[in-house]
Amino acid sequence: MSEADTPTPHHFRDLLHAQRVWDTELPSFDPASAPAAPVPLFHAWFAEAVAAGQAEPHTMSLATSDAEGLPDVRTLMLHDADERGWHFATHATSAKGRQLAARPYAALGFYWPARGRQVRVRGPVVRCTPPPSPAPLHARATGARAPARAGAPIEGVATAAELHRAADAAWDRARAEPDAKAPTWTRYVVEPAEVEFFQGDARRRHIRLRYRRQEDGGWTRELLWP
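Each value, and the rule that gives it
- Residues numbered from 1 in each chain as written.
- Predicted model: local features only at pLDDT ≥ 70, side-chain atom pairs only at ≥ 80, totals over all residues.
- Heavy atoms only, no water.
- Buried < 20%, exposed > 50% of the residue type's maximum accessible area, 1.4 Å probe, protein only.
- Helix = DSSP H or I, 4+ residues; strand = E, 2+ residues; numbered from the N terminus.
- Arc of directions from axis to C-beta.
- Contact = heavy atoms within 4.5 Å.
- Polar contact = N/O pair within 3.5 Å; in protein donor to acceptor, adjacent residues only side chain to side chain.
- Core = buried A, V, L, I, M, F, W, Y, C linked by side-chain atoms within 4.5 Å.

Trainee: Can you break down helix α3 (residues 95-102) residue by residue, with the values?
Mentor: Of the positions making up α3, those classed as buried are Lys 96, Gly 97, Gln 99 and Leu 100. The arc enclosing the buried residues of α3, seen along the axis, measures out at 165°, which places them on a common side. For α3, the exposed residues lying more than 90 degrees away from the buried face are Ala 101 and Ala 102. Contacts made by the buried residues of α3 are with β1 (59-65), β2 (71-77), β4 (86-91), β5 (105-112), β6 (117-127) and β7 (185-190).

Trainee: Give me the side chain of Gln 99: which residues, what numbers.
Mentor: Assignment of secondary structure puts Gln 99 in helix α3. Looking at Gln 99, its side chain comes within polar contact range of the side chain of Asp 72, at 3.1 Å. A distance of 3.2 Å separates a polar atom in the side chain of Gln 99 from a polar atom in the side chain of Arg 74. If near-sequence neighbours (up to four positions away) are discounted, Gln 99 is found in contact with Thr 64, Ser 65, Asp 66, Asp 72 and Arg 74.

Trainee: If you had to explain the nonpolar core to someone new, which residues and values would you point to?
Mentor: Counting residues in hydrophobic clusters, the biggest one holds 29 residues, and the most contacted among them are Phe 42, Trp 86, Phe 88, Phe 110 and Val 119. Looking at this core, the elements with two or more residues in it are α2 (38-51), β1, β4, β5, β6, β7, β8 (194-199) and β9 (207-213). A per-element tally of this core places α2 first, with five residues. Not counting residues within four places of it along the chain, the set of residues in contact with Phe 42 comprises Leu 78, Ala 81, Trp 86, Phe 110, Trp 112, Val 119 and Phe 197.

Trainee: Which residues make up unusual backbone geometry, and what values do they have?
Mentor: In this structure, Glu 56 takes a positive phi of about 45° despite not being glycine. Mapped onto the elements of the fold, Glu 56 is located in the loop between α2 and β1. By relative accessible area, Glu 56 is classed as exposed at 54%.

This is the structure we're talking about:
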């Protein structure tokens with residue numbers, strides 16, 4: 001992008017304030033009809049997001065803490081959601097892998113604007129044992145497998161050319177050895193302590209239903225306001 005194409009601060013603010021939120025008919029949600037545990041409701045909302053045409057509903061934000069206790073966040077892919085929790089994978093040697101090793105607690109955020117919905121998950125994070133089957137990795141496209149099998153991320157790449165060389169080498173390895181293992185590729189599970197379901201409303205009568213894990217393993221539900 002050239003300097004001439006860069007919006008001025010005034011133009012940026014005009015663009016920002018002109019954006020619409022939930023410019024569509026939103027569904028209703030009766031929290032009294034919600035199931036006793038959060039995962040079945042997550043499964044239902046996910047299926048409805050897919051049916052509504054939500055782009056990449058399986059992506060989520062993962063928030064962790066760094067060595068100084070400062071927050072860090074990025075977007076990645078959900079691998080599963082079951083009675084144990086919400087699953088994702090990354091290199092144990094990556095920044096988030098190192099952060100989780102030092103402070104094994106995280107938060108997840110899903111946003112499905114096609115339905116005006118958010119889901120937030122917080123809880124301790126554990127590594128899957130035994131290691132998960134490599135089948136999900138094998139099933140992914142070459143473009144997705146390549147960075148997973150590249151090993152530890154390259155930090156501080158000097159030039160775009162260096163980045164392209166590393167990426168091309170990873171693609172070549174993924175094509176040549178589709179069944180090769182990725183030693184540092186690790187699956188993690190966020191075991192939920194809290195799960196919040198947010199249903200947006202055009203008149204700002206948002207519904208926020210929070211599940212909280214109890215000592216006996218059960219769940220309590222409560223409505224939050226605002």
